[in-house]
Amino acid sequence: MGRTRVREALGSEPGGQSITVAGWVRTKRTGKNVVFLEVNDGSSLSNIQVVVDSENTNLGQTAELITTGASVRATGELVESMGKNQKVELHAAELELVGEAPGENYPLQKKRHSFEYLREIAHLRPRTNTFGAVARVRNYISFAIHRYFQERDFLYVHTPLITASDAEGAGELFQVTTLDLERLAREQSSGAGPDYTGDFFGRSAYLTVSGQLNAEIYASALDRVYTFGPTFRAENSNTTRHLSEFWMIEPEIAFCDIHCNMDLAEDFLKTIIAGVLTDCGEDMEFFDKRIEPGIIESLSAIADSTFTRISYSEAVEALQKSTVKFEFPVSWGVDLHSEHEKYLTEEVFHGPVIVTDYPKEIKAFYMRLNDDEKTVRGMDVLVPRLGEIIGGSQREDRLDVLQRRIKEMGLPEEDYWWYLDLRRFGSVPHSGFGLGLARFIQYCTGMANIRDVVPFPRTPGNAAF
Ligand code: 4AD
Ligand code: MG
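Please read all numbers here as calculations on a predicted model, not as lab measurements.

Peer 1: Got a minute to help me understand the packing of helix α4 (residues 129–151) against helix α7 (residues 258–279) in this structure?
Peer 2: Geometry of a packed helix pair, given as the angle between the helix axes and the separation of the axes. Contact geometry for α4 and α7: axes closest at 10 Å, N-to-C directions at 135°. The orientation of α4 relative to α7 falls into the category oblique. With respect to the hand of their crossing, α4 and α7 are arranged in right-handed fashion. Residues Val-137, Tyr-140, Ile-141, Ala-144, Ile-145, Arg-147, Tyr-148 and Phe-149 of α4 form the contact with α7, whose own contacting residues are Leu-264, Asp-267, Phe-268, Thr-271, Ile-272, Gly-275, Val-276 and Asp-279. Of the residues that constitute the contact of α4 with α7, the class distribution is 11 nonpolar, two polar and three charged.

Peer 1: In this structure, what is going on with the site of ligand 1? I would like to understand it.
Peer 2: Glu-168, Gln-212, Glu-250, Glu-388 and Ile-389 are the nearest of the 24 residues found near ligand 1. Between Gly-436 and ligand 1, the recorded distance is 3.2 Å, taken from a backbone N or O atom to an oxygen atom. Protein contacts shield 93% of the accessible area of ligand 1, which totals 630 Å² for the unbound molecule. Going through the elements one at a time, β11 (245–254), β15 (387–394) and β16 (430–436) are the ones with two or more residues in the shell around ligand 1. Tallying contributions element by element places β15 first for the shell around ligand 1, with five residues. Here the shell around ligand 1 is composed, by residue class, of eight nonpolar, eight polar and eight charged.

Peer 1: For this particular structure, what's the right way to read the pattern of salt bridges?
Peer 2: A side chain with one charge may pair with a side chain of the opposite charge, provided their charged atoms come close. Inspection of the entire model under this criterion finds 24 salt bridges. The residue Arg-424 makes a salt bridge to Asp-421 at a minimum N-O spacing of 2.9 Å. Separated by three residues within a single helix, Arg-424 and Asp-421 lie in helix α13 (residues 417–424), roughly one turn from each other. Take Arg-424: its relative accessible area is 39%, and that puts it in the partly exposed class.

Procedures and definitions
- Residues numbered from 1 in each chain as written.
- Chains lettered and ligands numbered in written order.
- Predicted model: local features only at pLDDT ≥ 70, side-chain atom pairs only at ≥ 80, totals over all residues.
- Heavy atoms only, no water.
- Axes fitted to C-alpha atoms, helices over the stretch in contact; angles between N-to-C directions.
- Helix = DSSP H or I, 4+ residues; strand = E, 2+ residues; numbered from the N terminus.
- Parallel < 35°, antiparallel > 145°, perpendicular 65-115°, else oblique.
- Left-handed = near helix turned anticlockwise from the far one by under 90°.
- Contact = heavy atoms within 4.5 Å.
- Nonpolar A, V, L, I, M, F, W, Y, C, P; charged D, E, K, R; others polar.
- Near = heavy atom within 4 Å.
- Polar contact = N/O pair within 3.5 Å; in protein donor to acceptor, adjacent residues only side chain to side chain.
- Areas by Shrake-Rupley, 256 points an atom, 1.4 Å probe, with all protein chains shown as cover.
- Salt bridge = Lys/Arg side-chain N within 4 Å of Asp/Glu carboxyl O.
- Buried < 20%, exposed > 50% of the residue type's maximum accessible area, 1.4 Å probe, protein only.

Encoded structure:
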């Protein structure tokens, strides 16, 4: 392309052949006979300083027209920089204003903008330091996750986005239909109830909440698989950790019990975190300095730590012993809230905690029932600052117990006939978990709001961009 990326240019020695860089102007400073342009092309957090001799008529006239936000192309030699921020700078022999950004209208002026404001200009926020860094870390983590599983013989399975069954049984589904919604409303008000035989799929259909049940099909044939794709939840949670659309990574392993599942989840998280620290150095230093002081040290400690493993009952006991007044009081049987999860990880165990064996009433129908008939072999991985980052379980592999659980939870057995078939023919103990990609990125970057680690967040009432 005849262009050098800014990252590569900044890592080069001064002198040598003339190079071309192109990008967007972050700032422009005018000195005596000289104009300094800070140009960024997204390849790194750092900008390259383009130095323009404004005595040169051509260059000077172009530089005059350039403002913050404009796109430019500059060709010249890399010269040792007098400034303390960079080793080299580019002395422009040619300068082109590619796309102007009329100054007074550009919404990203050089000053600190709030993340709330930047959410309203999601089409421009990738041009800021923070969102560029988040995008690079997100890219790195996605790639590292694939590499982790590929190197361990897991098969990547693409599971459908449109499904007919509720994988979590929680009823938080977005319905997909081509039916005339007004007619449907009329039918419903006349008490007839909607007739889905005329719908696109000849039945009611939804956006998937999880690829797990489909992944189980493939694990029941190919031993170890993982999914990595978007999931959707019509859950009306307006929190800093919930999205209506998020990407999830779901490994599923045959001949694997809850212990093997916990071992995998722990090794997986630690490996990816260690990789982020070594391979995203510049961006992580930025997050450490500007977003969450101390994050590098705390992530390094976690990459070297051993996660605490406790049962739900032990967690409840620890919470009940606490003198902290929780907003949601704790007793055996209640679901843990993020305040409880944070307390356990931050105040009691000072690191990640894997909680297992939850009451069956608060977990999904597919989790393996324990002999006590009260608890299931679920496991949540909780981390400081965030709470739940992974949810998983050993799956119920006994046909009769699974049928009973589906009935108990009031779910339509006929929707799960194929899922039950896996327990009829060659059933095996198997386990898996789901990692929410956005939560994990939040955890690694220290970004406080999940809306700021997703390029175009979808939350209740918000689907702009
Ligand atoms: O705990 P969850 O609901 O588990 C499942 O979906 C299982 N099918 C996973 C499995 O066993 N294969 O979700 C898993 C993870 C959570 O721990 C969290 O990280 C993330 O997905 N998650 C969300 N992330 C953002 N917004 C939401 N609304 C989320 N709900 C879950
Ligand atoms: Mg969960």
